[in-house]
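Take a look at the letters that make up each chain.
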Amino acid sequence: MVADDDDNIRGIIHHYLKKQKYNVIEAENGKDALDLALEKQFDMVILDILMPEMDGYDVCREIRKVSNVPIIMLTASGDELDRVLGLELGADDYIIKPFSPRELVARIKAILRRVEPLSNESVKEQSYTYDYGEFKIDVDRREVIYKGEKVTLRPKEFDLLVHLAKAPGNVYTRETLLEHVWGYDFLGDIRIVDAHIKKIRNKLKTTGCDVLRTVWGVGYKFEV
């Protein structure tokens, strides 16, 4: 779904996505976008922030109450706080207007590659990619397990946790995490890492798990 009150922008995105064989549904305001998101099952939602009737922030917040569908937010603002707010509300990525349609398509594909639906078949006995006793990560299934309880993370949150968990005790700077986890230039947006770390911690905390450490003035590390 592409939600934007600008007909031209919706049309351009629709054109490029159709060329990549995606089925596209459009919404011209926030209320319609939310209604569609609650009614249908989408693989991806693209939300403009400034829309009539309901802005993208509110739509993202309401969608997150009922769905983990990947969300990319479109913003005309270069303000870092605006972008971080969208990520804190549950968006997986953002892109600043004016943008390259090809870059948007590349980001969509990157996120969709990370979101592989799990089989509904009975779960077979499995070996975990990272097994630290009570804390386990299965990269293929994209599952985080603590004391037998599954912790649901967004795609970028999962990737960030996995990168930290590869080498327990190693300290990673924010710049290094941006380079390896996001994979493209986020110059000036260091707080994005902080926002994602905060979300991971909050989700792990619901199970009593605490494996992420802040190394003040440097960055973060994973420690069981």
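Quick summary incoming for the structure in this document.

Parameters at a glance
Residues numbered from 1 in each chain as written. Predicted model: local features only at pLDDT ≥ 70, side-chain atom pairs only at ≥ 80, totals over all residues. Heavy atoms only, no water. Buried < 20%, exposed > 50% of the residue type's maximum accessible area, 1.4 Å probe, protein only. Helix = DSSP H or I, 4+ residues; strand = E, 2+ residues; numbered from the N terminus. Arc of directions from axis to C-beta. Contact = heavy atoms within 4.5 Å. Polar contact = N/O pair within 3.5 Å; in protein donor to acceptor, adjacent residues only side chain to side chain. Expected span 1.5 Å × (residues − 1). Pairing = 2+ DSSP bridges. Axes fitted to C-alpha atoms, helices over the stretch in contact; angles between N-to-C directions. Salt bridge = Lys/Arg side-chain N within 4 Å of Asp/Glu carboxyl O.

Some points on helix 2 (residues 30–39)
Then step 1. Among all positions in helix 2, only Gly 30, Ala 33, Leu 34, Leu 36 and Ala 37 are buried. Projected down its long axis, helix 2 carries its buried residues within an arc of 165°, all on one side. In this structure, helix 2 carries Leu 38 and Glu 39 as exposed residues pointing more than 90 degrees from its buried face.
Then step 2. At its buried positions, helix 2 is contacted by strand 1 (2–3), strand 2 (26–27), strand 3 (45–48) and helix 3 (56–64).
Then step 3. Residue Asn 29 occupies the N-cap position of helix 2, its side-chain oxygen lying 3.1 Å from the main-chain nitrogen of Lys 31.

Looking at helix 1 (residues 7–19)
Since the α-helix advances by 3.6 residues per turn, residues separated by three or four positions end up pointing in the same direction.
Then step 1. With 13 residues, helix 1 should cover 18 Å at 1.5 Å per step; its first-to-last C-alpha distance of 18 Å lies within 8% of that length.
Then step 2. The inward-facing, buried residues of helix 1 abut strand 1, strand 2, strand 3, strand 4 (71–75) and helix 5 (101–114).
Then step 3. Capping the start of helix 1, Asp 6 holds a side-chain oxygen 2.8 Å from the backbone nitrogen of Asn 8, two or three residues further along.
Then step 4. Lys 21, located one to two residues past helix 1, shows a positive phi value of around 70°.

Digging into the sheet that holds strand 8 (residues 143–146)
Then step 1. With antiparallel pairing, the four strands of this open sheet are ordered in space as 6-7-8-9. Taken across any chain shown, the strands that pair with only one partner, and hence form the sheet edges, are strand 6 (130–132) and strand 9 (149–151). For this sheet the average axis-to-axis angle between neighbouring strands, irrespective of direction, equals 20°.
Then step 2. Relative to strand 7 (residues 135–138), strand 6 runs antiparallel, the two sharing three bridges. Across the sheet, residue Tyr 130 finds its bridge partner in strand 7, namely Ile 137.

Here's the deal with the environment of Leu 112
Then step 1. Among the secondary structure elements, Leu 112 is positioned in helix 5.
Then step 2. Taking the C-alpha atoms as reference points, Leu 112 and Ala 165, 53 residues apart in sequence, are found 22 Å from one another.

Brief notes about the pattern of salt bridges
Then step 1. Evaluated as defined, the whole model comprises 22 salt bridges.
Then step 2. For the salt bridge of Asp 58 with Arg 61, the shortest nitrogen-to-oxygen distance reads 2.6 Å. Within this pair, Asp 58 and its partner Arg 61 are both found in helix 3, separated by three residues, close to a single helical turn.
Then step 3. A relative accessible area of 30% means that Asp 58 is categorised as partly exposed.
Then step 4. The class of Arg 61 is partly exposed, set by a relative accessible area of 36%.
Then step 5. A salt bridge links Asp 92 to Arg 154; the nearest nitrogen and oxygen atoms lie 2.7 Å apart. One end of the pair, Asp 92, is in the loop between helix 4 (80–88) and strand 5 (93–96); the other, Arg 154, is in the loop between strand 9 and helix 6 (155–165), and 62 residues separate them in sequence. Take Asp 92 and Arg 154: they sit in the same class, and that class is buried.
Then step 6. Three or more residues joined by partner-sharing salt bridges are found here, namely Asp 210, Arg 213, Lys 221 and Glu 223.

Regarding the side chain of Lys 156
Then step 1. Mapping Lys 156 onto the fold places it in helix 6.
Then step 2. In this structure, Lys 156 is in contact with Asp 92, Arg 114, Val 181, Trp 182 and His 196, ignoring residues within four places of it in sequence.

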